[in-house]
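# Topology and contacts: notes
Single-letter residue listing:
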Amino acid sequence: MMAGIGVVALGCLVVAALSGGSGTGATSPGTSAAIENSIVDIAPIGDATTTTVVAVDSSVPVAEVQDLAGDDPTATTACAMTVRSLASGDIGESVTCLQNALITAGFLTGTATGNYDNETVNAVKKLQTSRDLFVDGKTGRETALSLGVWPDETSLVIHTPPPAPGAVDLLGYELSSVATSGPDAPPLPANSGTGRRLVYDRAGQRIWAVGDDNIVIRSWLVSGSKYNNETRGTHAVYSRSDVSTAWNGKAYLYKMVRWLKTDIGAIGFHALPIHVKDNTPYQTDAELGTRLSGGCQRQANLDAAFTWDFAQIGTPVIVL
């Protein structure tokens with residue numbers, strides 16, 4: 001069912017070879033141990049040198065899932081989809097747009113009907129196989145991007161002015177350059193739940209931390225998945241690690257808060273990934289608001305520190 005799974009790796013699942021501690025600092029991780037169904041957290045760079053093993057639910061699949069970084073492909077097109085995904089049985093102008101692009105690319109014959117029928121499913125599978133995409137016959141972001149029919153996303157991302165130096169949120173946590181708080185935050189999306197929770201809007205690449213009184217404690221931009229693997233719906237935090245590693249051992253993922261199990265791996269919120277080879281970040285805070293990940297949601301370090309304290313096991317996560 002999949003083509004090029006090594007290229008389109010889903011999520012940023014940690015492997016069972018990590019080290020670290022619950023403290024706020026540590027020297028650059030230099031040793032690690034492979035522990036079946038356990039996560040050995042690597043303490044953040046700083047002073048502490050102790051390590052702690054954090055047990056993880058054994059049902060969490062351990063697989064080669066990489067947290068990717070890079071630019072999105074671009075293309076010009078005469079039309080664009082107006083929805084985030086298309087699948088068998090869908091009808092309308094977005095389907096017509098997709099079909100015309102498939103015809104132009106040589107994966108579909110005939111004329112566009114506006115009906116996502118079996119011929120369209122098979123054409124999409126042919127395209128996905130040809131271009132090393134996840135093969136499922138559905139049209140999500142990466143498939144649409146490869147055909148040049150994905151809509152412009154920049155207009156959906158709201159950039160708030162950087163806060164004053166030392167500014168804090170309603171709980172007293174320092175704000176990052178892409179964070180805001182209280183009435184200054186963009187309004188909560190409709191149908192985003194009730195009570196204490198995290199709300200993640202994929203289209204806007206934004207998270208809201210909401211209190212029991214439905215007041216926004218804090219809101220910030222993230223870099224979410226380039227792929228169609230962040231499942232919409234109501235989830236809950238089920239696992240946490242001070243630090244984990246990417247499947248290939250090339251990146252440290254600090255303050256990992258997992259909220260989604262998939263057939264391939266786990267997806268969660270974490271700080272900006274760090275290159276193992278030289279301790280440099282994969283991206284800057286200024287790039288937040290752009291999809292750059294393979295599945296997880298990358299956060300500014302100050303926002304990751306807030307999420308770590310706010311999102312304990314069981315915290316609801318609403319994904320829109």
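Residues numbered from 1 in each chain as written. Predicted model: local features only at pLDDT ≥ 70, side-chain atom pairs only at ≥ 80, totals over all residues. Heavy atoms only, no water.

Here we take up the packing of helix 1 (residues 93–105) against helix 2 (residues 118–130). Packing of helix 1 against helix 2 brings their axes to within 11 Å, and their N-to-C directions diverge by 55 degrees. Between helix 1 and helix 2, the interaxial angle falls into the category oblique. In terms of crossing hand, the pair formed by helix 1 and helix 2 is left-handed. Residues Leu-98, Gln-99 and Leu-102 of helix 1 form the contact with helix 2, whose participating residues are Thr-120, Ala-123, Val-124 and Leu-127. Looking at side-chain class alone, the contact of helix 1 with helix 2 contains five nonpolar, two polar and no charged residues. (Axes fitted to C-alpha atoms, helices over the stretch in contact; angles between N-to-C directions. Helix = DSSP H or I, 4+ residues; strand = E, 2+ residues; numbered from the N terminus. Parallel < 35°, antiparallel > 145°, perpendicular 65-115°, else oblique. Left-handed = near helix turned anticlockwise from the far one by under 90°. Contact = heavy atoms within 4.5 Å. Nonpolar A, V, L, I, M, F, W, Y, C, P; charged D, E, K, R; others polar.)

Turning our attention to the packing of aromatic side chains. Evaluated as defined, the whole model comprises five aromatic pairs. A ring pair is formed by Trp-220 and Phe-306, whose centres lie 5.6 Å apart and whose planes are at 75 degrees; its orientation type is edge-to-face. Residue Trp-220 is located in strand 8 (residues 216–221), and its partner Phe-306 is located in helix 4 (residues 301–310); the two are separated by 86 residues in the primary sequence. Plain terms: the ring middles of Phe-306 and Phe-310 are 5.4 Å apart, the flat faces sit at 20 degrees to each other, and that makes the pair stacked. Of the two residues, Phe-306 and Phe-310 both sit in helix 4, four residues apart, roughly one turn of that helix. An aromatic cluster of three or more residues is present, and its members are Tyr-173, Trp-220, Phe-306 and Phe-310. Across from the ring centre of Trp-308, 3.8 Å away, lies the NZ or CZ of Arg-240, which sits over that ring. One cation-aromatic arrangement involves Lys-261 over Tyr-238; the distance from NZ or CZ to the ring centre is 4.9 Å. (Phe/Tyr/Trp six-rings, centres within 6.5 Å; stacked < 30°, edge-to-face > 60°. Lys NZ or Arg CZ within 6 Å of the ring centre and 35° of its normal.)

Here the focus is helix 2. With 13 residues, helix 2 should reach 18 Å at 1.5 Å per residue; the first-to-last C-alpha distance of 18 Å fits that figure. Those residues of helix 2 not exposed but buried are Thr-120, Val-121, Ala-123, Val-124, Leu-127 and Gln-128. The buried residues of helix 2 all sit within an arc of 165 degrees when viewed along its axis, so they share a single face. When the buried face of helix 2 is taken as reference, the exposed residues oriented beyond 90 degrees from it are Asn-118, Glu-119 and Lys-126. As for helix 2, its buried residues are in contact with helix 1 and helix 3 (141–147). Backbone geometry just downstream of helix 2 places Asp-132 in the positive-phi region, at approximately 55 degrees. (Expected span 1.5 Å × (residues − 1). Buried < 20%, exposed > 50% of the residue type's maximum accessible area, 1.4 Å probe, protein only. Arc of directions from axis to C-beta.)

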